[in-house]
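Next come the chains, spelled out residue by residue.
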Amino acid sequence: MATFPVVNMEKLNGEERGETMNLINDACENWGFFEIVNHGISTELLDTVEKMTKGHYKKCMEDRFKDMVVSKGLEAVQNQIDDLDWESTFYIRHLPESNISEIPDLEDEYRKVMREFAKELEKLAENILDIFCENLGLEKGYLKKAFYGAKGPTFGTKVSNYPPCPKPDLIKGLRAHTDAGGVILLFQDDKVSGLQLLKDNKWIDVPPMHHSIVINLGDQLEVITNGRYKSVMHRVIAQPDGTRMSIASFYNPGSDAVIYPAPQLVNKEEEKSNIYPKFNLDYGT
């Protein structure tokens, strides 16, 4: 079985650049996912984000989640649950306008740290988009420009915790789906696993790694690349032990950006068949 792609971003600056670019391209074409290390975000910042996120969950969200479980009788379910995810979440919007000051229960220091983290992730997302441009033969900045509507891209972070689940065979942490947007950057727990992607009709674990960022591609990026890069189904399996932290940041096209395949990636036959018609997607967030 093929090994899940892990990319050392430092190698882009040396003799192994070509090989590393090929690894990223292959991951985008055949996996829709890859994991990056030495990505430029400091380990100190990552450690602080993890510590404060886990602390916030314990202090402000854990009891609420337990109350929800009791109120819905989830500890005693006997049949598959298909309309609920075993997760505790909140969402931070960064662009085009931040809502972080409006989110209740966040300590000021946590807000400050998450603002700093978002800035680092935004830079990383735009760097990754330019790597994609180079691999696709598009001019530098093409994808970033394609994501811009009147107010720029949409960028936000879903902060999730997946507590221990008494019935992991009956309740999913997060049901199978693809992501609608552009490029997703995930900072996940390095001890408690659960994320899986669908490849060749088999569910494959995305390995938890210390200080890594997992990259996956959304539906709109698949459209812009004319299907060359893939947005794939993925899910989170609930675990009987341990709480899994997941901080997924979505760098998406602006809500009024018109999305269509890059003309350079469309041949004459595909142009006639119009596989991906132009569209725009308002996220409502």
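Worth saying up front: this structure is predicted, and the values here are computed from it rather than measured.

Asks: Can you lay out the sheet that holds strand β8 (residues 202–205) for me, pointing to particular residues and giving the numbers?
Replies: A sheet is described by the order of its strands in space; here 4 strands give the open sequence β5-β10-β7-β8, paired in antiparallel fashion. Among the strands making up the open sheet, the edge pair consists of β5 (174–177) and β8. The sheet shows a mean angle of 25° between the axes of neighbouring strands, taken without regard to direction. Two elements, β5 and strand β10 (residues 234–236), share 2 bridges in a ladder whose sense is antiparallel. Of the residues in β10, the one forming a bridge with Leu174 is Val236.

Asks: How would you summarise the nonpolar core if you had to cite specific residues and measurements?
Replies: A general tendency of soluble globular proteins is for nonpolar side chains to be buried together. Membership of the largest hydrophobic core comes to 71 residues, with the highest contact counts inside it found for Phe117 and Phe132. For this core, the leading source of residues is helix α3 (residues 108–136), giving 14 residues.

Asks: Quick one: what's the story with the packing of helix α1 (residues 17–30) against α3, residue by residue and with numbers?
Replies: Two elements in contact, α1 and α3, have axes separated by 10 Å at closest approach and are oriented at 95°. Overall, the two elements α1 and α3 adopt an arrangement that is roughly perpendicular. Contacts from Arg17, Met21, Ile24, Asn25 and Cys28 of α1 reach α3 at Ile131, Phe132, Glu134 and Asn135. Broken down by class, the residue content of the contact of α1 with α3 amounts to 5 nonpolar, 2 polar and 2 charged.

Asks: Residue-level account of the sheet that holds strand β2 (residues 33–37), with values.
Replies: By way of backbone hydrogen bonds, the strands of a sheet pair with one another, either parallel or antiparallel. Read across the sheet, 7 strands follow the order β1-β2-β9-β6-β11-β4-β3 without closing on themselves; strand pairing throughout is mixed. One side of each edge strand has no neighbouring strand; the edge strands of this open sheet are β1 (6–8) and β3 (88–95). With strand direction ignored, the average angle separating the axes of adjacent strands in the sheet is 25°. Alignment of β2 against strand β9 (residues 213–217), held across 4 bridges, turns out to be antiparallel. Note on β9: the bridge partner recorded for Phe34 is Ile215. Against the sheet, α1 touches β1, β2 and β9, its axis set at about 150° to β1. In this fold helix α2 (residues 43–71) packs onto β3, β4 (154–162), β6 (183–188), β9 and β11 (244–252), with an angle of close to 130° to the strand it touches most, β3.

About the criteria used
Residues numbered from 1 in each chain as written. Predicted model: local features only at pLDDT ≥ 70, side-chain atom pairs only at ≥ 80, totals over all residues. Heavy atoms only, no water. Pairing = 2+ DSSP bridges. Helix = DSSP H or I, 4+ residues; strand = E, 2+ residues; numbered from the N terminus. Axes fitted to C-alpha atoms, helices over the stretch in contact; angles between N-to-C directions. Core = buried A, V, L, I, M, F, W, Y, C linked by side-chain atoms within 4.5 Å. Buried < 20%, exposed > 50% of the residue type's maximum accessible area, 1.4 Å probe, protein only. Parallel < 35°, antiparallel > 145°, perpendicular 65-115°, else oblique. Contact = heavy atoms within 4.5 Å. Nonpolar A, V, L, I, M, F, W, Y, C, P; charged D, E, K, R; others polar.

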